[in-house]
Amino acid sequence: MRAVVLALSLALVAPIFAPGKTYVYNYEVSLMTGLPEMGLGRAGVYGNCKFLISAIDQNTLINEFNGIWLKDHPNLMSMLPKIMEPETSIPIKFEYSNGTVGKIYAPEKVSDFVLNFYKGFLNFFQLNIKKTHNVYDLHEAGIEGVCKTLYSVNEDVKADRILLTKTRDINHCQERIYRDMGLAYTEKCEECQKVSTASYRYILKPVPSGIMITKADVNEIIQFSPFSEHHGAAQTEIKLTVVFLEIQNTTITPNPVEYHHRGSLKYEFSKEFEWTPLQFVKVTDLQVQIQDLLDHIVTHNAEKVNDNTPLKYLELIHLLRLACNEDLEGLWSKYKNIPSHRLWLLEAVPASGTTTALRFIKEKIVAEDLSVVEAVRTLAAAVHMVTANPETIKLFETLMEDNKINANPVLREIVFLGYGTMISKYCTESDNCLVEFVQPIQKHLSEAVSKGETEDIILYAKVLGNAGHPSSLKSITKIMPIHGTAAASLPIRVHIEAIRALSNIAKKESRMVQELALQLYMDKALDPELRMLSCIVLFETNPSMALISTLANAVKSEENLQVASFTYSHMKSMSRSASVIHPSVGAACNVAMKILSPKLDRLSLRFSKAIYGESYSSYFMLGAAATAFYINDAATFLPRSVVAKTRAFFAGAAADVLEIGVRTDGLQETLLKNPSVLDSADRITKMKRVIKALSHWRSLPNNKPLASFYIKLFGQEIAFANIDKPMIERAIETYGIKVLKTMLLSGVSFNYTMPVMFTEVRRVIPTSSGLLVELSLFSAAVAAAVVKIKPTLSQRLPEDFPLSRLLETDIKLETEVNPSYAMATYAVMGTNTPIYNQLIVSRVKFNSTLPSKISAKLDIKEGDFKIEVLPVSAPENITAGSVETYTVARNIENPTVEKITPILPNWFSISSEIIEEDDKQKVPFFVKRYCTKHRAIGLKACFKVATENAAFIHDTALYRMIGSQNASFSITPIEGEAVERLEMEVKVGAKAAEKIIKQINLNDGAATVLSKLNKILASNKNHTLSSSSSSSSSSSSKHFYKSSSFSSFSHQSSTSSSRSSHSSRSNSNSSKLSSSRSFSNSSRSSSASSLASLFSAESSSSRDSARRSMVEIQKLFHGNKQFLHKNIANKPILKLTYLGFPQQKANSHRFRKSHKNQVFPFRILKHKPDI
């Protein structure tokens, strides 16, 4: 009873406005965005005006705006330009009672932007003052939402005034007003980013029956950093001031127009995401502007991607967001027959993300104006880029019922999975997630179960899994492997998909999913694979300490080692987690590990495992995690299922980036048909048997899949397929044989361009001024390639030639490839309105181009392959990147002009005090160039870096990004040592030993090196087995050593040495050894057998001797590096050929094993020096 009496005794006091009077206030607003240090460049908005308030009746007041002007602030922008004067001259009405602003009324011609500006002024009059309390807190409604507010009231009796302070904690709100875009797939860490707080100070004057505000000011800070905010953050500072000026004895006359209810004091969103912060586009004729932009993009990217194309692509997307259906139809009718323009249009339309764009795509697919490839690409992009709302969900529902879509399995799969994704996106961003959205799929699922259509059941289960709607849990339970139900008899593939479908539902209803998953896990009569999948789902529900301890105790008594090993490894991996998204899971797993026996850690890879690896930096708030699930069965040769997934952490948010899963049921059966696969044998033999077993895939029935896989992107399944015999045959015929024949008969010539918008993440936050602060991240890239392949055949082939004809044909392919790539990323913070932009921008640009010209000669029958890399003209920098941070100001009155100011000035003072010009510090500038020369190929590579950043203020990651950083990489020919071409030759088959080993040009000094080499090889000869001899070719007339080998050279060591010395004495001016030498037939041996005999001796002493010989040879060549470089590398020709030796030679596999790390050498042709 005392509590009730106390509550009734509290009296409220509020500002009053007497009827028949007009109260005049001066209102001053400023928003500044940048780093907190003084002296750095900032983006700002400033306004100063008068507001007049008159009381129409006791609870209704009228508010009038009277003028706005700028003070002497050359770097700031006016808040309301002159073009807004027609709107600002209209007064608005609002209800006001007991210090609370109620309903607001305004004519329709007053835009939401201007109305929100009015609300910023009225926000000052939202006061809940209690006479009997000096300090108290409550949740108070304001322009940012219903947030926790702390009041402190002090009475200054001498000055006859009341000093009031209220602080609004925008991080703790019952109803927070903001809007996100592009964050539907992320999990957020609410404690990682404390973004905003606002402090109000009032000077109140007591008057009869109330109080009057004489002066008030607001100081609000919104800060953000992609890294930990303890090490600095960018901020927007909002300062508002209201000063009472006078009371006039006149009243404000409302306009003679109809006033409508326009909401309350809370901020009203309109079309904020239609205003891009990257460009200020004034729309005059939208269709003409889009056409001009498309023409510009296509013209400037014909041969190579222009550096500014990603920004132009983002501008095109922005314009398409403003387009109506008639505009899109007009563009389509003009460009549908122009391939270059058609490609850019079809890539940009789904990226615009509007309902109009999705309707346009639907109409074109139904009308069959798009090819299957185009339909797949546009639909797949639209699923993830189109804004989810009831209308877009309805459009996907109509596509699901379309007969043409259902006739194509790929399109049907994309549409159905996309329908679930659209529901998931809408339910994430909206509180009104109706059960009617998933009811069509639930109905389809019930019908498929009754008809026993397994493939349809799997599809509908995947759709419900994508949607993640809690009401789907009942439908999914009906196909769960629960004993005593009809679903227990369904195929295991259905049970697997039903359990996987729980993952997204667990994010919304974790408790319900935990109960079901735990029930499945504890059912020991269930298939072990299903129990392990239930374990995976349990850990995705963010389980509590009690639940994880329950699992640990269950593992202690688990009889199935596959399940025990999987659960133990999963807990052990998660115990190392350091991320801030779900820190309690890692702590609980650490406790569970103390319950379990470490003996489970000794189980081999024959048992199922869960592997989790993570790298996270709390300083950078950046990290990545990878998980692999390996589900095995003691009765199988290969693992039954393998799943790999990656997860990314950035700026206090986490997202499942990619997940790929593979099942191998049919493949297991195929391998088990060959029992020899399971026999104990060495690794090479087993691999041969597996390949032989797989080569009989054509004998498989058409309806039996070899394997199946699925792909998830950002937690949403985007594709799945069964790999069966018809699919393999189609792939070989369409993408293998057909492409090969086309390339050989007519060649290939095409110019392909692929624009992609990687990221568009935006958050808009209303401030106490009624203006928005936007945090955005945009990323777009354009890749292009010009490819020309010209074939030359030794004989003319018919159009439908058999592949066996290639064995009788010499093929020459001349290829020119010119790939180019450009990427741009923009991080933006500041004020973005349809009237002006005041922003701080961090821009990352990257571009690369690497042209190449390759000629290949192929003689398949003889096993001769020769590849030549020819010189091409390349740009100065093949790769360049830059990071720049600056402020930008734009205004609708002059949209083509933007003012860009670097954040770092040339001179800077860290002290906030006023100092002399000579005491200012120059911003440090660092530039460095690193170069290396590769004379063997005649090229020089250089890396240049230049940076000018704010690390001298605070040496943190954020301040290192502020400023300007540039890096470039270039490859240029060495002056005077130009390379004519690079060659690589490969010879395989039984005649590989007949190919040249090497040809070199030596001078007389070579005798010393060769003599030492002979001694090493001769000493090794006594410890090696003799190799079988083989015939060799006669000596060549082109100064090549044919049939020469290390063993044959060793056999003739004495002869060779004597001849070399004799030649040296007889002709001192001779600079070359004779290249024509005759060897007796008995001394000739194949290169393959000779080299094999050197490295494949049977006895251990032979192997040790060979190893010592090779060490000595390496030392010999290392000590004579300068000699060899002078006499070999700098000569006009150096040719090294890799030989493929016949497999039937004895011990040849040992030789291959010893040389498995050898690479194909190159032949280098250099320009001869002028004589």
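The model shown is predicted, which means the values in this text are computed figures rather than measured ones.

Thresholds, definitions, all that
Residues numbered from 1 in each chain as written. Predicted model: local features only at pLDDT ≥ 70, side-chain atom pairs only at ≥ 80, totals over all residues. Heavy atoms only, no water. Helix = DSSP H or I, 4+ residues; strand = E, 2+ residues; numbered from the N terminus. Buried < 20%, exposed > 50% of the residue type's maximum accessible area, 1.4 Å probe, protein only. Contact = heavy atoms within 4.5 Å. Areas by Shrake-Rupley, 256 points an atom, 1.4 Å probe, with all protein chains shown as cover. 1 Å grid on protein atoms, 1.4 Å probe; cavity = no way out; pocket = protein on both sides within 12 Å on 5 of 7 lines; lining within 4 Å. Points joined across faces, edges and corners; volume = space filled by probe spheres on them. Salt bridge = Lys/Arg side-chain N within 4 Å of Asp/Glu carboxyl O. Axes fitted to C-alpha atoms, helices over the stretch in contact; angles between N-to-C directions. Parallel < 35°, antiparallel > 145°, perpendicular 65-115°, else oblique. Left-handed = near helix turned anticlockwise from the far one by under 90°. Nonpolar A, V, L, I, M, F, W, Y, C, P; charged D, E, K, R; others polar. Pairing = 2+ DSSP bridges. Core = buried A, V, L, I, M, F, W, Y, C linked by side-chain atoms within 4.5 Å. Phe/Tyr/Trp six-rings, centres within 6.5 Å; stacked < 30°, edge-to-face > 60°. Lys NZ or Arg CZ within 6 Å of the ring centre and 35° of its normal. Disulfide = S-S within 2.5 Å. Expected span 1.5 Å × (residues − 1). pLDDT = per-residue confidence, 0-100. Lys, Arg positive; Asp, Glu negative; His and termini not counted.

S.K.: Would you mind showing me how to read the overall build of the protein chain here?
M.R.: Broken down by element type, the protein chain carries 33 helices and 41 strands. A buried classification covers 48% of the 1171 residues belonging to the protein chain. Intrachain contacts of the protein chain at a sequence separation of at least 6 include 70% that bridge at least 24 residues. Looking at the protein chain as shown, the accessible area adds up to about 57100 Å², and 55% of this sits on carbon and sulfur atoms.

S.K.: Honestly, empty space enclosed by the protein in this entry has me stumped. Any pointers?
M.R.: Any empty space left between atoms is shown by rolling a water-sized probe over those atoms. Evaluation of the coordinates by the stated rule reveals 5 cavities of 30 Å³ or more. Of the pockets and cavities examined, the largest cavity occupies roughly 90 Å³. Along the walls of the largest cavity sit Ala461, Lys462, Gly465, Asn466, Glu497, Arg500, Ala501, Ser503, Asn504, Lys712 and Glu717, which together make up its complete lining. Looking at the lining of the largest cavity, the elements with two or more residues in it are helix 14 (454-467), helix 16 (492-500) and helix 17 (502-506).

S.K.: What am I meant to see in the pattern of salt bridges here?
M.R.: Evaluation of the coordinates by the stated rule reveals 43 salt bridges. With its nearest N and O atoms 2.8 Å apart, the salt bridge here joins Arg647 to Glu187. Of the two residues, Arg647 sits in strand 20 (residues 641-650) while Glu187 sits in strand 13 (residues 187-188), which places them 460 residues apart along the sequence. In this structure Arg647 comes out as buried when scored by relative accessible area, which is 15%. Note on Glu187: relative accessible area 22%, which makes it partly exposed. Across the pair Glu884 and Arg843 runs a salt bridge whose closest N-O atoms are separated by 2.3 Å. Taken together, the residues Glu884 in strand 30 (residues 879-891) and Arg843 in strand 27 (residues 836-849) connect sequence positions 41 residues apart. Salt bridges linked by common partners bring Asp527, Glu529, Asp633, Arg640 and Arg663 together as one network.

S.K.: Can you walk me through the packing of helix 8 (residues 355-366) against helix 9 (residues 372-385) in this structure?
M.R.: Two measures define how a pair of helices packs: the angle their axes make with one another and the distance between the axes. The interhelical angle for the contact between helix 8 and helix 9, taken along N-to-C directions, is 155°, at an axis separation of 11 Å. Taken together, helix 8 and helix 9 sit at an angle that is classed as roughly antiparallel. Two packed elements cross with a definite hand, and for helix 8 against helix 9 that hand is left-handed. For the pair helix 8 and helix 9, contact is made by Leu358, Ile361 and Ile365 and by Ala375, Thr378, Leu379 and Ala382, respectively. Its residues placed into classes, the contact of helix 8 with helix 9 shows 6 nonpolar, 1 polar and no charged.

S.K.: Is there a simple way to think about the environment of Leu596 in this case?
M.R.: Here Leu596 shows up in the loop between helix 22 (583-595) and strand 18 (609-617). Exposure remark for Leu596: the relative accessible area of 5% places this residue in the buried category. Apart from residues lying up to four places away in sequence, Leu596 is in contact with Ala552, Val555, Lys556, Tyr568 and Met571.

S.K.: Any chance you could explain the pairing of strand 7 (residues 100-106) here in plain terms?
M.R.: Successive side chains on a regular strand alternate, one facing one side of the sheet and the next facing the other. Pairing of strand 6 (residues 92-97) with strand 7, which is carried by 4 bridges, proceeds in the antiparallel orientation. In the strand pairing of strand 7, Phe94 is matched with Ile104. Between the end of strand 6 and the start of strand 7, which pair antiparallel, lie 2 residues, with Asn98 showing a positive phi angle near 55°. The pairing of strand 7 with strand 17 (residues 260-261) spans 2 bridges and is classified as antiparallel. If you follow Ala106 over to strand 17, its bridge partner there is His260.

S.K.: I would appreciate a short explanation of the packing of helix 4 (residues 286-299) against helix 7 (residues 339-352) in the present structure.
M.R.: At a minimum axis distance of 10 Å, the contact between helix 4 and helix 7 shows a crossing angle of 115°. As judged from the angle between their axes, helix 4 and helix 7 are roughly perpendicular. When the axes of helix 4 and helix 7 are compared, the crossing they make is right-handed. Counting all contacts with helix 4, which are made through Leu294, Asp295, Ile297 and Val298, the residues of helix 7 involved are Ser340, His341, Trp344 and Leu345.

S.K.: Explain the nonpolar core here, please?
M.R.: One broad rule of soluble globular proteins: the nonpolar side chains tend to lie buried together. Of all hydrophobic cores here, the largest spans 141 residues; its most connected members are Ile290, Met480, Phe539, Met571 and Tyr826. Tallying contributions element by element places helix 12 (residues 409-429) first for this core, with 10 residues. Once residues lying within four places of it in the same chain are set aside, the contact partners of Ile290 are Leu316, Leu319, Leu320, Ala323 and Leu331. Of all hydrophobic cores here, the second largest spans 80 residues; its members include Phe94, Tyr118, Ile162 and Ala957.

S.K.: Looking at this structure, how should I read the packing of aromatic side chains?
M.R.: The relation between two aromatic rings is expressed through the spacing of the ring centres and the mutual angle of the planes. What the rule picks out here adds up to 29 aromatic pairs. Ring centres 5.4 Å apart and planes at 70° place the aromatic pair Phe121 and Phe125 in the edge-to-face group. With respect to class, Phe121 is no different from Phe125; both count as buried. Lying over the aromatic face of Phe416, Arg412 brings its terminal NZ or CZ to 5.0 Å of the ring centre. Above the plane of the ring of Tyr521 lies Arg531, whose end atom (NZ or CZ) is 5.4 Å from the centre.

S.K.: When you look at unusual backbone geometry in this model, what are you seeing that I'm missing?
M.R.: Negative phi is the rule for most residues except glycine; trans is the rule for most peptide bonds. Unlike most non-glycine residues, Asp160 shows phi in positive territory, near 55°. Backbone geometry at Glu368 places phi at a positive 60°, although glycine is not the residue there. Note that Glu368 resides in the loop between helix 8 and helix 9. Exposure remark for Glu368: the relative accessible area of 56% places this residue in the exposed category.

S.K.: What am I meant to see in the state of the cysteines here?
M.R.: Think of a disulfide as a covalent bridge from one cysteine sulfur atom to another cysteine sulfur atom. The tally for this structure, following the rule as stated, stands at 3 disulfides. With a sulfur-sulfur separation of 2.1 Å, Cys931 is cross-linked through a disulfide to Cys942. Since a negative S-S torsion denotes a left-handed disulfide, the Cys931-Cys942 link at about 115° is right-handed. Linking Cys931 in strand 34 (residues 926-934) with Cys942 in strand 35 (residues 939-949), this pair joins segments that are 11 residues apart in sequence. Overall, Cys942 belongs to the buried group, its relative accessible area being 3%.

S.K.: Honestly, helix 20 (residues 545-556) in this entry has me stumped. Any pointers?
M.R.: Helical geometry note: an α-helix holds 3.6 residues per turn, so side chains three or four residues apart project in the same direction. For helix 20, which comprises 12 residues, the first-to-last C-alpha distance of 17 Å matches the rise-based estimate of 16 Å (1.5 Å per residue) to within 8%. Inspection of helix 20 places Leu547, Ile548, Ser549, Leu551, Ala552, Ala554 and Val555 among the buried residues, and these make up the whole buried set. For helix 20, the secondary structure elements touched by its buried residues are helix 18 (510-522), helix 19 (528-539), helix 21 (561-574) and helix 22.

S.K.: I'm lost on the confidence of the model for the protein chain in this one. Help?
M.R.: Segments scoring low in pLDDT should not have their predicted coordinates read at a detailed level. Across the protein chain, the average pLDDT comes to 79, with 76% of residues at or above 70. Here residues 909-919 scores under 50 on pLDDT; set against residues more than four positions off or in separate chains, the count is 6 contacts. Contacts from residues 1021-1103, a stretch scored under 50 in pLDDT, to residues over four places away or in other chains number 106 contacts.

S.K.: What is the right way to read the side chain of Gln442 from this model?
M.R.: Assignment of secondary structure puts Gln442 in helix 13 (residues 439-451). Setting aside chain neighbours within four positions, we find Gln442 in contact with Leu464, Ser471, Ser472 and Ser475.

S.K.: I would appreciate a short explanation of the side chain of Asp327 in the present structure.
M.R.: Turning to its location among the elements, Asp327 is positioned in helix 6 (residues 325-335). Despite its burial, Asp327 remains without a salt bridge, the nearest opposite charge being carried by Arg359 at 12 Å. When neighbours within four sequence positions are excluded, Asp327 is seen to be in contact with Leu286 and Gln287.

S.K.: Can you walk me through the environment of Leu561 in this structure?
M.R.: Residue placement: Leu561 occurs in helix 21. Measuring from C-alpha to C-alpha, the distance between Leu561 and Pro528 comes to 9.6 Å, with 33 residues separating the pair along the chain. When near neighbours in sequence (up to four residues on either side) are disregarded, Leu561 contacts Leu603 and Phe607.

S.K.: What should I look at first to understand helix 13 in this one?
M.R.: End to end, helix 13 covers 19 Å across 13 residues, agreeing with the expected 18 Å (1.5 Å per residue, within 8%). Those residues of helix 13 that fall on the buried side of the exposure criterion are Pro440, Ile441, Gln442, His444, Leu445 and Ala448. Lining the buried residues of helix 13 we find helix 10 (390-400), helix 12, helix 14 and helix 15 (473-477). In the segment just after helix 13, Gly452 is the residue with positive phi, at about 70°.

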